[in-house]
Amino acid sequence: MKKTITLKSSKCKSLKGILHVPSDKSISIRALLIGSICFGNTKIFNLLQSDDVMNTLKSLRKLGIKIKKHKNFFEVYGNGGYFCEPKSDLYMGNSGTGSRLICGLICNRGINAKITGDVSLSSRSMIRIIEPLSKMNAKFKHNNGFLPILIEDNYNSTIPINYDLKVGSAQIKSAILLAGLNVKGTIKIKENYPSRNHTEIMLKFLDVKIKKSKKIISLESPNFIKPKDLHIPGDFSSAAFVIVATLITKQSNVCIKDVGLNYFRTGLIDILKKMNAKIYIENKRSLNGELIGDIKIKSSKLNSVIVSQRISPRLIDEYPILFVAASYASGISKFYGLSELKLKESDRLKTMAEALKNAGVRILENEDSIEIHGKENNIGGNIVQTSFDHRIAMSMLVFGLGSEKSIKIDDMKMINTSFPNFKEILEKIGAKIEHIHK
Ligand code: S3P
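The notes below deal with the structure included here. (Residues numbered from 1 in each chain as written. Predicted model: local features only at pLDDT ≥ 70, side-chain atom pairs only at ≥ 80, totals over all residues. Heavy atoms only, no water.)

**Re the site of the ligand**
Working step 1: All residues in the neighbourhood of the ligand are listed as Ser 26, Arg 30, Thr 97, Arg 128, Ser 169, Ala 170, Gln 171, Arg 196, Ile 316, Asp 317 and Lys 344.
Working step 2: In this structure, an oxygen atom belonging to the ligand sits 2.9 Å away from a side-chain N or O atom of Ser 169.
Working step 3: A total of 390 Å² of accessible area belongs to the ligand in isolation, and the protein chains cover 96% of it.
Working step 4: Put simply, the parts of the chain that give the shell around the ligand at least two residues each are α1 (25-36) and α6 (170-180).
Working step 5: Per-class residue counts for the shell around the ligand are two nonpolar, four polar and five charged. (Near = heavy atom within 4 Å. Polar contact = N/O pair within 3.5 Å; in protein donor to acceptor, adjacent residues only side chain to side chain. Areas by Shrake-Rupley, 256 points an atom, 1.4 Å probe, with all protein chains shown as cover. Helix = DSSP H or I, 4+ residues; strand = E, 2+ residues; numbered from the N terminus. Nonpolar A, V, L, I, M, F, W, Y, C, P; charged D, E, K, R; others polar.)

Next comes the structure, spelled out in structure tokens:
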């Protein structure tokens, strides 16, 4: 039988260096999708070349959008909102963002299309976007709320809605906004729990009539979007692994350059600072309307923390690595209001609780909360079930940089969905991560 290659991380000495993390996944996907409906060509600099982003790119090509790779940028030949009917399925791989946003983008563009995904994506409910988009009159057939979704030709008959968004989800918000770009009138979304606003920022940068007042986002349509060059910053969610790795290893000192610091993405910094982390932001500036900067981190003696649901949309993707930080903090950390965490690439509450317990950490887990007893028993030595989830894989590999025994992961390929050079970047600053045969 052919042996598969995976990864193992082991206790290491200090991490030191200056580095860049790969570009932002959320913004890369939006740049491709929005570029495709511009009137003219968009140059995208620093597009993330990961599986999730490439699945979006390939799907746009199937929809008749020419996308050319140049040495320093990708060029998207925007068709002003005209798409061809795809001859085969639009396969979105592991990407919740890609699949949900593309549904919004093409549901009222006069084509039939079938959206599919991998095992993990096919087990995630799509009702959260089908429901608001159907209210706009978009027509879908679906498998009880799951993929595959068939988008049915419904040209020009979608209508604006006033939507009361009860979940702090940028994917739902963005799907509605992208569909809203092709209706006559003004759509309004009441955002009860504000989430990452990359779509709003990019549309505003492209002079679309979008504004936010108090909790209400309004978007006036139709829109004829003229292209501008788009530059993608480093992904804060990828930086998060380097940040925690630096904090939990002794005498470490790392600087991550040019990282996106969108307020709705950086809740992790606020929580880690509460835990006594030495994190400093420098060189703040704006890039296409997004705040970016450099992050300096030094090893820190972390204390436990209590985290309520309120901040959840600002650190939704960082809970797994925050749980690792809590395992290395003295005292008992408690995290509440984690229901959204269960709906990600895996049920992250369950997969992380399992992985940490197997590594010796004392964990108490409830319906939507978790208690982590830090610094008692970070033994390691287990093989982590990553459940098709890149963030579980990377979080637990970071755990292994400080645990007594090594950590192995069952499967490394999911890391390619967001952070293809994870191993190389961490090794460069001194981490011990090796390929092994399974
Ligand atoms: C994302 C939004 C978040 C996040 C995901 C990326 C986006 O999902 O977890 O990784 O790019 O809009 P939800 O909006 O569903 O919480």
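The discussion continues.
**Some remarks on the pattern of salt bridges**
Working step 1: Under the defined criterion, the tally for this structure stands at 26 salt bridges.
Working step 2: For Arg 391, the salt bridge goes to Asp 317, with nearest N and O atoms at 3.9 Å. One end of the pair, Arg 391, is in helix α13 (residues 390-399); the other, Asp 317, is in the loop between α10 (312-315) and α11 (319-327), with 74 residues separating them in the sequence.
Working step 3: You can call Arg 391 buried: its relative accessible area is 4%. (Salt bridge = Lys/Arg side-chain N within 4 Å of Asp/Glu carboxyl O. Buried < 20%, exposed > 50% of the residue type's maximum accessible area, 1.4 Å probe, protein only.)

**Remarks on a positive patch on the surface**
Working step 1: A contiguous patch of positive charge on the surface is contributed by Lys 11, Lys 250, Lys 278, Lys 298, Lys 301 and Lys 375.
Working step 2: Among the structural elements, Lys 250 can be located in the loop between α8 (236-248) and β15 (253-260). (Patch = residues over 30% accessible without salt bridge, like charges linked within 9 Å, V, L, I, M, F, W, Y side chains within 5 Å. Lys, Arg positive; Asp, Glu negative; His and termini not counted. Charge placed at Lys NZ, Arg CZ, Asp CG, Glu CD.)

**Regarding the pairing of strand β12 (residues 210-213)**
Residues in a regular strand project their side chains so that they alternate between the two faces of the sheet.
Working step 1: As paired elements, β12 and strand β13 (residues 216-221) share four bridges and run antiparallel to each other. Note that in β13 the partner of Ser 213 across the bridge is Ile 216.
Working step 2: In this structure, the hairpin formed by β12 and β13 is closed by a connection of two residues, where Lys 214 is found at a positive phi of approximately 50°. (Pairing = 2+ DSSP bridges.)

**Overview of the pairing of strand β20 (residues 362-365)**
Working step 1: Examined bridge by bridge, β20 and strand β21 (residues 370-374) share four bridges and lie antiparallel to one another. Residue pairing in the sheet places Leu 364 in a bridge with Glu 371 of β21.
Working step 2: Hairpin remark: β20 followed by β21, antiparallel, with four residues in the connecting loop.

**Overview of the packing of aromatic side chains**
What describes a pair of aromatic rings is the distance from one ring centre to the other and the angle between the planes of the rings.
Working step 1: In total, this model carries eight aromatic pairs according to the counting rule given.
Working step 2: Summarising the aromatic geometry, the rings of Phe 39 and Phe 224 are spaced 5.8 Å apart at their centres and angled 50° between planes, so their arrangement reads as tilted. A residue pair is termed long-range when its members are at least 10 positions apart, and Phe 39 in strand β3 (residues 39-45) and Phe 224 in the loop between β13 and β14 (230-231) qualify at 185 residues.
Working step 3: A centroid spacing of 5.9 Å and a plane angle of 40° characterise the contact between Tyr 319 and Phe 323, whose relative ring orientation is tilted. Of the two residues, Tyr 319 and Phe 323 both sit in helix α11, four residues apart, roughly one turn of that helix. Comparing Tyr 319 with Phe 323 shows no difference in burial state: the two are buried.
Working step 4: Among the aromatic residues, those joined into a ring-pair cluster are Phe 241, Phe 419 and Phe 422.
Working step 5: Between Lys 66 and the ring centre of Tyr 77, over which it is positioned, the NZ or CZ distance is 4.3 Å. (Phe/Tyr/Trp six-rings, centres within 6.5 Å; stacked < 30°, edge-to-face > 60°. Lys NZ or Arg CZ within 6 Å of the ring centre and 35° of its normal.)

**Topic: the sheet that holds strand β9 (residues 146-152)**
Working step 1: Sheet architecture is open: four strands sit in the order β6-β7-β9-β8, paired in mixed fashion. At either margin of the open sheet sits one strand with a lone partner, and together these are β6 (90-91) and β8 (139-143).
Working step 2: Two strands pair when backbone bridges link them, and β6 and strand β7 (residues 113-116) are joined in this way by two bridges, in the parallel orientation. Across the sheet, Tyr 91 pairs through a bridge with Thr 116, a residue of β7.
Working step 3: Seen against the sheet, helix α5 (residues 127-135) touches β8 and β9 and runs at an angle of roughly 155° to β8. (Contact = heavy atoms within 4.5 Å. Axes fitted to C-alpha atoms, helices over the stretch in contact; angles between N-to-C directions.)

**Observations regarding the nonpolar core**
Nonpolar side chains in soluble globular proteins tend to be buried together.
Working step 1: Core analysis: the biggest nonpolar cluster contains 75 residues, and Ile 243, Ile 256, Leu 272, Phe 323, Phe 335 and Phe 422 have the highest contact counts within it.
Working step 2: Among the elements that line this core, the one with the most residues is α8, at ten residues.
Working step 3: Excluding residues that lie within four positions of it along the chain, Ile 243 makes contacts with Phe 236, Ile 256, Leu 272, Ile 279, Ile 295 and Ile 297.
Working step 4: Grouped together as the second largest cluster of nonpolar side chains are 66 residues, Met 126, Ile 129, Leu 133 and Ile 225 included. (Core = buried A, V, L, I, M, F, W, Y, C linked by side-chain atoms within 4.5 Å.)

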